[in-house]
Amino acid sequence: MESPDPSARCPLQEQRARWERKRACTARELLETERRYQEQLGLVATYFLGILRAKGTLRLPERQVLFGPWELIYGASQDLLPHLEGGHWGQGLEGFCPHLQLYTQYAANADRSWTTLQEQLKKNKRFRRFVRLQEGRPEFGGLQLQDLLPLPLKRLQQYENLVVALAENTGPNSPDHQQLTRAARLISETAQRVHAIGQRQKNDQHLQRVQALLSGRQAKGLITGRWFLHQGWLLVVPPHGKPRPRMFFLFTDVLLMAKRRPPLHLLQSGTFACQALYPMAQCQLHRVFGHSGGPCGGLLSLSFPHEKLLLMSTHQEELSRWYHSLTLAVRPSQLNEESDFCALKVGMMVASEIQGKELELPLSLPSPWRAALFYPNKGSFSRRPSCP
């Protein structure tokens, strides 16, 4: 009977060895990055917060808005680092978790912090000179204050990646397995909340920008509380005549069509006047043509209870972005992928007219089909949903 080869290793032992190597690598990266993170936190706390407080260059309200709970975050890192250096991963990270609320507070204040920094750099000459002087110190290595302010939010994402990896590669029999698992769960939940806060802030910025583009009494408060998806120019194909360019703003619940005001308008030059507001919950979306990705662009058909819109773009990439965004806004149960043969013929004729290309059509479009295409319900154009 042959004896087993002593050099052969059990698959279970090999798996445990791989886990241990990954754990050691992750732990080393967590320790090294925490040292660098704490160093950068200390630079801002010492050369910006400390000196600003002592010199009074920036008033207390502006200083609190600009830096938020920075010093408390710095203190939490100072408490965590000795545990990591001593190899007490579970104990250190479990003790760090009560400080995660500081990162949520910091994220909620991030938009105001950025705005305050830009305002003070523009209006406060003393503060602007002070910031340039501090940023020129060799300790900062060319980094500017605006590069350092997002540091805690970036570090939270690193915490999530590293602590989750550390917990996953720690055996269930390890004494700190439960502590690491709880810490990984709490850090992941905090990272998700911070991400949601960031998404809301970006959406608010989009809404403010779009609201500034819209003018007129009807546009006031029109987009408040909505979620922005996409905007851009599209050609509206009418039942008669040439296509008309219009600016469209897409939100999760409505599609807003606007027309640019004349450049010589006395008060509202460069803005857009709202023409119609379409509820996406009542929309059926068809990609009439433009599936092949060719250079001719494509045509989208949007059917509402009282009107059908044909929207055209001569750029294939832009059309694909619009189709994707519109798909997100339309209820999946109402999304209809069947091609509309009537709309296809109209779109091909419009495309050939605009781009100067001859496209072969098997038949001319009869007027009843054209009427059915643009007037799915009788009198639909007279009942266009207008801006409230």
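One can find the structure itself at the top, above this paragraph.
What counts, and at which threshold
Residues numbered from 1 in each chain as written. Predicted model: local features only at pLDDT ≥ 70, side-chain atom pairs only at ≥ 80, totals over all residues. Heavy atoms only, no water. Helix = DSSP H or I, 4+ residues; strand = E, 2+ residues; numbered from the N terminus. Buried < 20%, exposed > 50% of the residue type's maximum accessible area, 1.4 Å probe, protein only. Contact = heavy atoms within 4.5 Å. Areas by Shrake-Rupley, 256 points an atom, 1.4 Å probe, with all protein chains shown as cover. Core = buried A, V, L, I, M, F, W, Y, C linked by side-chain atoms within 4.5 Å. Polar contact = N/O pair within 3.5 Å; in protein donor to acceptor, adjacent residues only side chain to side chain. Axes fitted to C-alpha atoms, helices over the stretch in contact; angles between N-to-C directions. Parallel < 35°, antiparallel > 145°, perpendicular 65-115°, else oblique. Nonpolar A, V, L, I, M, F, W, Y, C, P; charged D, E, K, R; others polar. Salt bridge = Lys/Arg side-chain N within 4 Å of Asp/Glu carboxyl O. Pairing = 2+ DSSP bridges. 1 Å grid on protein atoms, 1.4 Å probe; cavity = no way out; pocket = protein on both sides within 12 Å on 5 of 7 lines; lining within 4 Å. Points joined across faces, edges and corners; volume = space filled by probe spheres on them. Phe/Tyr/Trp six-rings, centres within 6.5 Å; stacked < 30°, edge-to-face > 60°. Expected span 1.5 Å × (residues − 1). Bend = angle between axes of the 7 residues up to and from the residue.

A.B. asks: Help me understand the overall build of the chain, please; the structure alone is not making it clear to me.
C.D. replies: Looking only at helices and strands, the chain features twelve helices and eight strands. The buried share of the chain, reckoned over its 388 residues, is 43%. Considering only contacts in the chain between residues 6 or more positions apart, those separated by 24 or more positions represent 63%. For the chain, the computed accessible surface area is about 21,400 Å², with 54% contributed by carbon and sulfur atoms.

A.B. asks: Explanation requested: the nonpolar core in the structure shown.
C.D. replies: Nonpolar side chains in soluble globular proteins generally cluster together in the buried interior. Counting residues in hydrophobic clusters, the biggest one holds 53 residues, and the most contacted among them are F67 and W70. Sorting elements by how many residues they give to this core places helix α1 (residues 11–55) first, with twelve residues. Those residues in contact with F67 that lie beyond four places of it in its chain are V44, F48, L49, L52, Y106, L145 and L149. In terms of nonpolar packing, the next biggest core, distinct from the first, is built from 22 residues, C283, L300, F304 and W322 among them.

A.B. asks: Can you help me understand the environment of N203 in this one?
C.D. replies: Mapped onto the fold, N203 is located in helix α9 (residues 177–213). Residue N203 is classed as buried on the basis of its relative accessible area of 5%. As a C-alpha pair, N203 and R226 span 23 residues in sequence and 8.4 Å in three-dimensional space. Excluding residues within four positions of it along the chain, N203 makes contact with R226, W227 and F228.

A.B. asks: Just to check I follow, could you spell out the side chain of H230 for this structure?
C.D. replies: Tracing the backbone shows H230 in strand β2 (residues 228–236). A polar atom in the side chain of H230 sits 3.3 Å from the side chain of E318.

A.B. asks: Sorry if this is basic, but what is going on with the packing of helix α5 (residues 100–123) against helix α6 (residues 125–135) here?
C.D. replies: The relative placement of two packed helices is expressed as an angle between their axes plus a distance between the axes. Where α5 contacts α6, the two axes come as close as 6 Å, and the packing angle between them is 105°. Taken together, α5 and α6 sit at an angle that is classed as roughly perpendicular. Facing α5, whose interface residues are L117, Q120, L121, K122 and K123, α6 presents K125, F127, R128 and V131. Split by residue class, the contact of α5 with α6 holds four nonpolar, one polar and four charged.

A.B. asks: Can you help me understand the pattern of salt bridges in this one?
C.D. replies: Any two side chains of opposite charge can pair, given that their charged atoms come close. What the rule picks out here adds up to ten salt bridges. R155 is the salt-bridge partner of E34, the closest N and O atoms lying 2.8 Å from each other. Separated by 121 residues along the polypeptide, E34 in helix α1 and R155 in helix α8 (residues 151–168) bring together distant segments of the chain. R155 carries the same exposure label as E34, and that label is buried. A salt bridge links R36 to E39, with the nearest nitrogen and oxygen atoms 3.2 Å apart. Of the two residues, R36 and E39 are both situated in helix α1; the distance of three residues between them amounts to about one turn of the helix. Residue classification places R36 among the partly exposed residues on the basis of a relative accessible area of 38%.

A.B. asks: What is the right way to read the side chain of Q40 from this model?
C.D. replies: In this fold, Q40 is placed in helix α1. Not counting the four nearest positions on each side in its chain, Q40 is found in contact with W70, L143 and L151.

A.B. asks: Could you clarify how one ought to interpret the environment of P82 in this entry?
C.D. replies: Note on placement: P82 falls in helix α3 (residues 70–85). Given a relative accessible area of 47%, P82 falls into the partly exposed group. In the structure, P82 is positioned 51 residues away from L31 in sequence and 9.7 Å away in space, judged by C-alpha atoms.

A.B. asks: Whenever I open this one, the sheet that holds β2 confuses me. Can you help?
C.D. replies: Sheet strands line up and pair through hydrogen bonds in the backbone, either parallel or antiparallel. In space, the eight strands of this open sheet follow the order β1-β5-β4-β3-β2-β8-β7-β6, with mixed pairing throughout. Of all strands in the sheet, those bounded by a partner on one side alone are β1 (214–215) and β6 (284–289). Both β2 and strand β3 (residues 244–251) contribute to a ladder of eight bridges, which runs antiparallel. Each bridged residue has a counterpart across the sheet, and for L235 the counterpart in β3 is P245. Strand contacts of α9: β1, β2, β3 and β5 (272–279), with the helix running at about 35° to β2, the strand carrying the most contacts. Sheet strands in contact with helix α10 (residues 316–329) are β2, β3, β4 (254–260), β6, β7 (298–304) and β8 (307–313), and its direction is about 130° off that of β2.

A.B. asks: What am I meant to see in the layout of surface pockets here?
C.D. replies: If you roll a probe as big as a water molecule over the atoms, it shows you where there is empty space left. Taken as a whole, the largest pocket spans an internal volume of roughly 610 Å³. Secondary structure elements with two or more residues in the lining of the largest pocket: α5, α8 and α9. Among the elements that make up the lining of the largest pocket, the one with the highest residue count is α9 (nine residues). Considered class by class, the residues forming the lining of the largest pocket number ten nonpolar, nine polar and four charged.

A.B. asks: Hey, could you run me through the packing of aromatic side chains in this one?
C.D. replies: The geometry of two aromatic rings is summed up by the distance between their centres and the angle between their planes. Scanning all chains against the criterion turns up 13 aromatic pairs. Between the aromatic rings of Y37 and Y159, the centroid separation amounts to 6.2 Å while the plane-to-plane angle is 90°, which identifies the pairing as edge-to-face. You can see Y37 sitting in helix α1 and its partner Y159 sitting in helix α8, a full 122 residues away along the chain. No difference in accessibility class separates Y37 from Y159, as the two residues are buried.

A.B. asks: Would you take a moment to explain α5 for this structure?
C.D. replies: What sets the pattern is the α-helix's 3.6 residues per turn: residues three or four places apart point alike. Compared with an ideal rise of 1.5 Å per residue, which puts 24 residues at 34 Å, α5 spans 34 Å between its outermost C-alpha atoms and is within 8% of the ideal. When the local axis directions of α5 are compared, the greatest deviation, roughly 50°, occurs at A110. Taken residue by residue, α5 has L100, L102, Y103, Y106, A107, N109, S113, T116, L117 and Q120 as its buried positions.

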